[in-house]
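This is what each chain is made of:
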Amino acid sequence: MAEVKLLSVTKKFGNVTAVDDLTLEIKDGEFFVLLGPSGCGKTTTLRVIAGLEEPTAGEIYIGDTLVASPEKDIFIPPKDRDVAMVFQNYALYPHMTVYENIAFPLKIRKVPEEEIRKRVKEVAELLGIEELLHRKPRELSGGQRQRVALGRAIIRHPRVFLMDEPLSNLDAKLRVRMRSELKKLQRALGVTTIYVTHDQVEAMTMGDRIAILNDGKLQQVGTPDDVYNKPRNLFVAGFIGSPPMNFLDATLVERDRGIWVDFGEFMLKLPEEMADIVRSERYIGKEVIFGIRPEDIYDALFAQVKIPGENMVRGKIEIVEPLGNVNIVHFSVGDVHFTGQFSRDSKVREGMEMDIVFDMTKAHVFDKESGEAIF
Ligand SMILES: Nc1ncnc2c1ncn2[C@@H]1O[C@H](COP(=O)(O)OP(=O)(O)OP(=O)(O)O)[C@@H](O)[C@H]1O
Ligand SMILES: [Mg+2]
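Scoring rules and cut-offs
Residues numbered from 1 in each chain as written. Chains lettered and ligands numbered in written order. Predicted model: local features only at pLDDT ≥ 70, side-chain atom pairs only at ≥ 80, totals over all residues. Heavy atoms only, no water. Near = heavy atom within 4 Å. Polar contact = N/O pair within 3.5 Å; in protein donor to acceptor, adjacent residues only side chain to side chain. Areas by Shrake-Rupley, 256 points an atom, 1.4 Å probe, with all protein chains shown as cover. Helix = DSSP H or I, 4+ residues; strand = E, 2+ residues; numbered from the N terminus. Nonpolar A, V, L, I, M, F, W, Y, C, P; charged D, E, K, R; others polar. Salt bridge = Lys/Arg side-chain N within 4 Å of Asp/Glu carboxyl O. Buried < 20%, exposed > 50% of the residue type's maximum accessible area, 1.4 Å probe, protein only. Domains from an automatic or database assignment. Contact = heavy atoms within 4.5 Å. Buried area = accessible area lost by both parts, 1.4 Å probe. Expected span 1.5 Å × (residues − 1). Axes fitted to C-alpha atoms, helices over the stretch in contact; angles between N-to-C directions. Parallel < 35°, antiparallel > 145°, perpendicular 65-115°, else oblique. Left-handed = near helix turned anticlockwise from the far one by under 90°. 1 Å grid on protein atoms, 1.4 Å probe; cavity = no way out; pocket = protein on both sides within 12 Å on 5 of 7 lines; lining within 4 Å. Points joined across faces, edges and corners; volume = space filled by probe spheres on them.

In the region of ligand 1, 13 residues are neighbours, and Ser38, Gly39, Lys42, Thr43 and Thr44 sit closest. Measuring from an oxygen atom of ligand 1, one finds a side-chain N or O atom of Thr44 at 2.5 Å. Relative to its unbound accessible area of 640 Å², ligand 1 is 61% covered by the protein chains. Taken together, the elements giving at least two residues each to the shell around ligand 1 come down to strand S2 (16-26) and helix H1 (42-50). Counting residues per element, the shell around ligand 1 draws most heavily on H1, which supplies three residues. Residues of the shell around ligand 1, tallied by class, amount to five nonpolar, six polar and two charged.

Structure below.
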């Protein structure tokens, strides 16, 4: 087991910067998720940690060992880094049985046969695939194959697991089950794990902490709760959460000693703590981006606190998407459009006008130029 540290790591391919000045400190035993859209540099980050790519600049530590530093001319090859990687497109050896596939990493290290037998048995039990050991990969389901690939990675007791979208080939239901199994497995083994995904639900449910990347650059690192409730910028706020956060152009104005979010057609009042930040950061009179998550917008009949003219407005319902457990509601207030997530008991119908309440304690406001969160 070990911690993993990246200090200002950059990786360029010609004139493409895949990883841009990335600094991360992953704790010993942590389940750490790298999350971001396609092409943001997740796989490249794993590959430089594994030693399959050399960084262009920066330093990488595994435990106390400096494993890569172009400045100091240090590069420890993958086989000496004691990490195990499960690839995005994992491949099992088709001509080998499950047993032979899992045993393979020990076999090439010339571990004695007796020891190999014992370890394969342990791993197979852990993954619930004892009955499959004599089969060939083609005789397995996708989920079973996935487990064999994991078995092959964990049999070595490496210091670090690197997993690149290991569940992406599975159907939705199996993915949900494997998510919790994998998490349990990681807890049981206690091995530092860096897990790559572009699926925010996977990241939120599995990660102790999540690093969100965009365009090779780190956007935010934090617990699932942090990145959801305190997104640091527009990118993180928009990437995490489904349906996504509403973003609207607005101006912050002072009236009757309160601070209001002015949408032109109507205004919403900010709670006093937020108003204080607006004053101290000098945002009065400025254009900003207002953000609120759909679940923080209510059918007024189901709202705890409703103050007409402060957090309650009259909206026209355009489209209702009943999902069973909730209703996703698209509505407008004048020319301003929002998406809300109402209780399944809400009697909302398309075309109706109704009172709608915004939980302004959950509001977010972003600087229009930088995209950084003001709160
Ligand atoms: N060997 C390479 N040569 C040139 N460019 C590369 C190479 N590998 C990756 N890139 C580029 O670097 C960027 C990051 O790629 P990377 O594979 O790390 O993204 P990713 O976040 O894993 O994406 P995905 O979610 O699609 O797997 C992309 O623009 C990609 O085209
Ligand atoms: Mg990738």
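That was the structure; now back to the text.
Turning our attention to the pattern of salt bridges. Within the structure shown, the criterion is met by 24 salt bridges. With a shortest N-O distance of 2.9 Å, Arg117 and Glu114 are connected by a salt bridge. Taken together, the positions of Arg117 and Glu114, both in helix H3 (residues 113-127) and three residues apart, correspond to about one turn of that helix. Using a relative accessible area of 43% as the deciding quantity, one classes Arg117 as partly exposed. Classification of Glu114 as exposed rests on a relative accessible area of 56%. For Arg177, the salt bridge goes to Glu181, with nearest N and O atoms at 3.3 Å. Remark: Glu181 and Arg177 occur in helix H5 (residues 172-189); sequence separation between them is four residues, near one turn of the helix. Several salt bridges converge on common partners, so that one network encompasses Glu254, Glu272, Asp276 and Arg279.

Under the domain assignment used here, the protein contains domain 1 (4-239) and domain 2 (246-367). For domain 1 versus domain 2, the distance between C-alpha centres works out to 40 Å. Contacts between the two partners involve eight residues from domain 1, matched on the other side by six residues from domain 2. Taking both sides of the interface into account, the surface hidden between domain 1 and domain 2 amounts to around 630 Å²; carbon and sulfur atoms contribute 62%. Where domain 1 packs against domain 2, one counts zero salt bridges. Summed over the shared surface of domain 1 and domain 2, the result is two residue pairs in polar contact (both at pLDDT 80 or more).

The first and last C-alpha atoms of helix H4 (residues 142-154) sit 19 Å apart over 13 residues, in line with the 18 Å expected at 1.5 Å per residue. Of all the 13 residues making up H4, ten are buried; the element is thus mostly covered by neighbouring parts of the structure. Turning to H4, its buried residues number three or more, namely Gly143, Gln146, Arg147, Val148, Ala149, Leu150, Gly151, Arg152, Ala153 and Ile154. Where H4 is buried, its residues meet strand S7 (83-86), helix H2 (98-107), H3, strand S8 (160-164) and H5.

For the rest of this paragraph, the subject is the packing of H4 against H5. Contact geometry for H4 and H5: axes closest at 12 Å, N-to-C directions at 20°. Regarding the angle of H4 to H5, the classification is roughly parallel. With respect to the hand of their crossing, H4 and H5 are arranged in right-handed fashion. In this structure, H4 uses Gly143, Gln146, Arg147, Leu150 and Ile154 to contact H5, whose residues at the interface are Leu174, Arg177, Met178, Glu181, Leu182, Leu185 and Leu189. Here the residues of the contact of H4 with H5 are counted per class, giving seven nonpolar, two polar and three charged.

Looking now at the layout of surface pockets. Roughly 540 Å³ of volume is contained in the largest pocket. In this structure, the largest pocket is lined by 21 residues; those nearest its centre are Val83, Ala84, Met85, Phe87 and Arg156. A total of four residues in the lining of the largest pocket trace back to one element, the largest contributor, which is S7. Its residues assigned to classes, the lining of the largest pocket comprises 16 nonpolar, no polar and five charged. Its volume calculated, the second largest pocket comes out at about 250 Å³. Along the wall of the second largest pocket there are 16 residues; nearest its centre are Val305, Asn311, Phe358, Met360 and Thr361. Taken together, the residues of the lining of the second largest pocket break down into nine nonpolar, three polar and four charged.

With that settled, the discussion passes to unusual backbone geometry. Of the consecutive residues Ser242 and Pro243, the connecting peptide bond is found in the cis state with omega at -5°. Tracing the sequence through the fold places Pro243 in the loop between helix H8 (234-239) and strand S12 (246-255). Backbone geometry places Asp256, a non-glycine residue, at a positive phi of 50°. One can find Asp256 in the loop between S12 and strand S13 (258-262). Owing to a relative accessible area of 67%, Asp256 belongs among the exposed residues under this scheme.

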